[in-house]
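Take a look at the letters that make up each chain.
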Amino acid sequence: MCGIIGYTGPLMARDVILQGLHQLEYRGYDSAGMALLTEDGGMYLRKKVGQVSALEAVCEPDIPAHCGIGHTRWATHGGVTDANAHPHAVGKVVLLYNGIIENYHTISRQFGFEGLATSETDTEVAAQLINYYYGQTGNPYEAIRRSIEIIEGSYAFCILFTDIPGTIYAIRNVSPLVAASSEQGSFIASDVTALISYTKEYFVVPEQHILTITQDQIRMETLDGTVVKPEMLEVTWDVEAAQKGGYPHFMLKEIYEQPEVFQKTIMPRLVEGLPNFEVDGVPDPLFQRCHSIQVIACGTAMYAGMVGRAIMEKQLRIPVSVSIASEFRYDTPLLDPGTLVIVVSQSGETIDTLAALRLAKECGCPVLSIVNVKGSTIARESDYVLYTHAGPEIAVASTKAYMVQLAVFYLITARMMLVRGAAEEAQVKDFIASLAKAPEWIQDALGQGDAIRKQAEKMAFSRDAFFIGRGMDYAFSLEGALKLKEISYIHAEAYAAGELKHGTIALIEPGVPVIALATQDHIFNKTISNIREVKARGAYVILITKKGVPVSSEVCDVHLEIPVEDDRFTVFPCAVLLQLLAYYTAYAKGYDMDKPRNLAKSVTVE
Ligand code: M6R
């Protein structure tokens, strides 16, 4: 949430910052702004409601400045206005940030800042506070340190002092920041996508460390002044991975990348046809000792967990619960050290998921996370990590990350089958052999794009849509409905097919689209009966089944098929069909599905 970039070095700061903001725009796109320290000792500040292109239009070219900070906002405190956009300038301090200052009212009252504000944001209070202490001490480090002692909440700050040329200061708590130094200067950003054009070596800024960033070095100190050496990481993907590569949208590109990223995620973890987590350092006793599993995540990652639960309970016969992180963190969970907690997050920085992870650790549970972003906070705070290898996911609607989260759940299931003696080695090999066919099935689903596009055009102007299925199909439906609503703004709900007649069927009227999944043999006839119930009330039914299953033409208006025989693996092509349906519906409505309204890629506020 909110994108931050800071640069100091030989290049023109305006250009570096605008380029970085374009790369980070998926983190928030209500408004954008930048502040530059110019060569003549002045400060150049521009802020604009709208996307980064709107900011670019009001920034003159060739501004003589080599140091500056930029921000793309997802509004929390204060509406979407130019005044509320970042950076905020107070006295000699210019700052921007990502996060929420929980006690900004108290600070404002205590220090007499009320009435001085030019915006409605909590950010301005931080600028006022740091400026106050800078006035008292004349020392930037001390001004930041004293302010941080008072500020409560999560934050990532980038700060300029107008009388200290060429220098950026930064500090974070929870909200992410990465930094890098190269021949082209020094950089700080919310994530590596903004840095990758300049360097592949970077470090994750540790919490509560003050960074002093100058053209040729980054000095990092703890709050008691101890200098700390950063732990360097390397980006493993190329700059092209964060570009559209000829596709009209990141979302479509990412949907099409799924066969490849699936392979990348499972292949390094297969040894002689069996799952193996030695390269990840995940030990077998973790899987052998647990009596139950608790999955915690948000949004799409949580829906991947729902599929994970279905496959793990089926194969392992141990209880698996799935919790929404924002609920779990304020619960009084019934966990003990015998519960294996699996935390799922693409970004590795979702604040509710992180808080839930911390709570699980307080309960003494071992935590294994499934994360895409290397070195992210959730990855670092977990006891064990299984990284997904999706590469950067830029579209706000998660697609390829979901696919590889599923892949990892299936791998965990297979390893647990083996080490808990829940299946013979040969059965585990068969399970893995089926899993390894998923890229072919995904490819088949991708080949159905044209048929899906026609259906999407038909349902584009519907007010509502329903996704129904039983058992595992219900778990896939949840993700299908989320995808449709978040990018096409159609009200979409997923229902367990048998539950419809307990209320929701009242909403079925002639023409309303119902996307029905019936891929599970043992409940196929039951699901078909439920589909007949909605069809009898005039619904427009798009039915997805396994290939070759006899389906009467009265049951549905459109019949899509997937080439999977084994019920346990139908999620992989189904997920793609549902993603394409959402994508083409948003496309038919002319929406920008990479930047859906009100959303941002990673949710770093509660
Ligand atoms: O980065 P995370 O996986 O923790 O993010 C979780 C959700 O915010 C995310 O999956 C969200 O639901 C997506 N917009 C769904 O497409």
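Residues numbered from 1 in each chain as written. Predicted model: local features only at pLDDT ≥ 70, side-chain atom pairs only at ≥ 80, totals over all residues. Heavy atoms only, no water.

Looking at this structure, how should I read the overall build of the protein?
Looking only at helices and strands, one finds 19 helices and 26 strands in the protein. Computed over the C-alpha atoms, the radius of gyration of the protein is 25 Å, within 12% of the 25 Å expected from 2.2 N^0.38 for a compact globule of 606 residues. Overall size of the protein, expressed as C-alpha extent along the three principal axes, is 80 × 55 × 45 Å. A buried classification covers 61% of the 606 residues belonging to the protein. (Helix = DSSP H or I, 4+ residues; strand = E, 2+ residues; numbered from the N terminus. Rg over C-alpha atoms; globule rule 2.2 N^0.38 Å. Buried < 20%, exposed > 50% of the residue type's maximum accessible area, 1.4 Å probe, protein only.)

Looking at this structure, how should I read the packing of helix 17 (residues 472-488) against helix 19 (residues 571-588)?
What describes two packed helices is the angle between their axes and the distance between those same axes. Relative orientation of the contacting elements helix 17 and helix 19 amounts to 15 degrees, with a least axis distance of 8 Å. Taken together, the axes of helix 17 and helix 19 are roughly parallel relative to one another. The handedness of the crossing between helix 17 and helix 19 comes out as right-handed. Across from F476, G480, K483, L484, I487 and S488 in helix 17, the residues of helix 19 making contact are V571, C574, L578, Q579, L581, A582, Y583, T585 and A586. (Axes fitted to C-alpha atoms, helices over the stretch in contact; angles between N-to-C directions. Parallel < 35°, antiparallel > 145°, perpendicular 65-115°, else oblique. Left-handed = near helix turned anticlockwise from the far one by under 90°. Contact = heavy atoms within 4.5 Å.)

Sorry if this is basic, but what is going on with the sheet that holds strand 5 (residues 88-90) here?
Sheet strands pair by backbone hydrogen bonding; their relative direction is either parallel or antiparallel. Ordered in space as 5-6-7-8-12-13, the 6 strands form an open sheet in which the pairing is antiparallel. The two strands at the open ends of the sheet, each matched to only one other strand, are strand 5 and strand 13 (217-222). The mean angle between the axes of side-by-side strands here comes to 20 degrees, regardless of whether they run parallel or antiparallel. Note: strand 5 against strand 6 (residues 93-101), 3 bridges, orientation antiparallel. Residue pairing across strands places H88 opposite L95, the latter belonging to strand 6. Packing against the sheet, helix 4 (residues 123-137) makes contact with strand 5, strand 6 and strand 7 (153-161), and its axis sits at approximately 130 degrees to strand 6. (Pairing = 2+ DSSP bridges.)

Is there a simple way to think about the pairing of strand 22 (residues 464-469) in this case?
The two faces of a sheet get side chains in turn, since along a regular strand they alternate between them. Summarising burial for strand 22: 6 of the 6 residues are buried, a large majority. Read as a crossover between parallel neighbours, the route from strand 22 over helix 17 to strand 23 (residues 491-496) is right-handed. (Right-handed = clockwise from strand over helix to strand, strands pointing away.)

Would you take a moment to explain the nonpolar core for this structure?
The nonpolar side chains of soluble globular proteins are, as a tendency, buried together. Core analysis: the biggest nonpolar cluster contains 131 residues, and F287, I342, Y410, I412 and F572 have the highest contact counts within it. Not counting residues up to four positions away in its chain, the partners in contact with I412 are F277, F287, I342, L368, I370 and L386. Formed by 29 residues, the second largest nonpolar core is a distinct cluster that contains V93, Y141, I144 and I151. (Core = buried A, V, L, I, M, F, W, Y, C linked by side-chain atoms within 4.5 Å.)

Hey, could you run me through the sheet that holds strand 2 (residues 31-38) in this one?
The 8 strands lie next to each other as 3-2-4-1-10-9-11-14, forming an open sheet whose pairing is antiparallel. Each end of this open sheet is capped by a strand with a single partner; those strands are strand 3 (43-49) and strand 14 (232-234). Adjacent strand axes in the sheet meet at a mean angle of 20 degrees when their direction is disregarded. Here 3 bridges tie strand 11 (residues 201-204) to strand 14, and the two strands are oriented antiparallel to one another. Paired with F203 across the bridge in strand 14 is M232. Strands in contact with helix 1 (residues 13-24) are strand 1 (3-8), strand 2, strand 4 (65-73) and strand 10 (185-189); relative to strand 4, the strand with the most contacts, it is inclined by about 20 degrees.

Honestly, the pattern of salt bridges in this entry has me stumped. Any pointers?
Proximity of charged atoms lets side chains of opposite charge pair with each other. Counted under the stated rule, the structure contains 33 salt bridges. Of the charged contacts, one joins D163 and K92 as a salt bridge, the two residues approaching to 3.6 Å between their closest N and O atoms. With D163 in the loop between strand 7 and strand 8 (168-173) and K92 in the loop between strand 5 and strand 6, this residue pair connects regions lying 71 residues apart in the sequence. Residue K361 pairs with D383 through a salt bridge whose shortest N-O separation is 3.6 Å. Within this pair, whereas K361 is found in helix 11 (residues 351-362), its partner D383 is found in the loop between helix 12 (377-381) and strand 21 (384-387), the two being separated by 22 residues in sequence. What makes K361 partly exposed here is its relative accessible area of 35%. For D383, a relative accessible area of 37% gives the class partly exposed. (Salt bridge = Lys/Arg side-chain N within 4 Å of Asp/Glu carboxyl O.)

Sorry, what's going on with the site of the ligand here?
Taken together, the neighbourhood of the ligand is formed by 13 residues, with S345, Q346, S347, T350 and E486 sitting nearest. A distance of 2.9 Å separates an oxygen atom of the ligand from a polar atom in the side chain of K483. Its free accessible area being 410 Å², the ligand has 90% of it covered by the protein chains. Contributing elements (two or more residues each) for the shell around the ligand: helix 9 (299-316) and helix 17. When residues in the shell around the ligand are grouped by element, the largest group, 3 residues, is from helix 9. (Near = heavy atom within 4 Å. Polar contact = N/O pair within 3.5 Å; in protein donor to acceptor, adjacent residues only side chain to side chain. Areas by Shrake-Rupley, 256 points an atom, 1.4 Å probe, with all protein chains shown as cover.)

What is the right way to look at the domain arrangement of the protein in this model?
Here the protein is partitioned into domain 1 (3-235), domain 2 (246-436) and domain 3 (441-593). Put simply, the middle of domain 1 and the middle of domain 3, counted by C-alpha atoms, are 45 Å apart. (Domains from an automatic or database assignment.)

What am I meant to see in the pairing of strand 13 here?
In this structure, strand 12 (residues 209-214) lies alongside strand 13, joined through 6 bridges in antiparallel fashion. Bridged to I213 within strand 13 is I218. Counted between consecutive antiparallel strands, the loop separating strand 12 from strand 13 contains 2 residues.

Which parts of the structure should I look at to understand the packing of helix 16 (residues 449-459) against helix 19?
At a minimum axis distance of 8 Å, the contact between helix 16 and helix 19 shows a crossing angle of 50 degrees. Our classification of the angle between helix 16 and helix 19 gives oblique. Considering the relative orientation of helix 16 and helix 19, their crossing is right-handed. Within the contact between the two elements, helix 16 uses G449, I452, R453, Q455, A456, E457 and M459 and helix 19 uses L577, L580, L581, Y584, T585, Y587 and A588.

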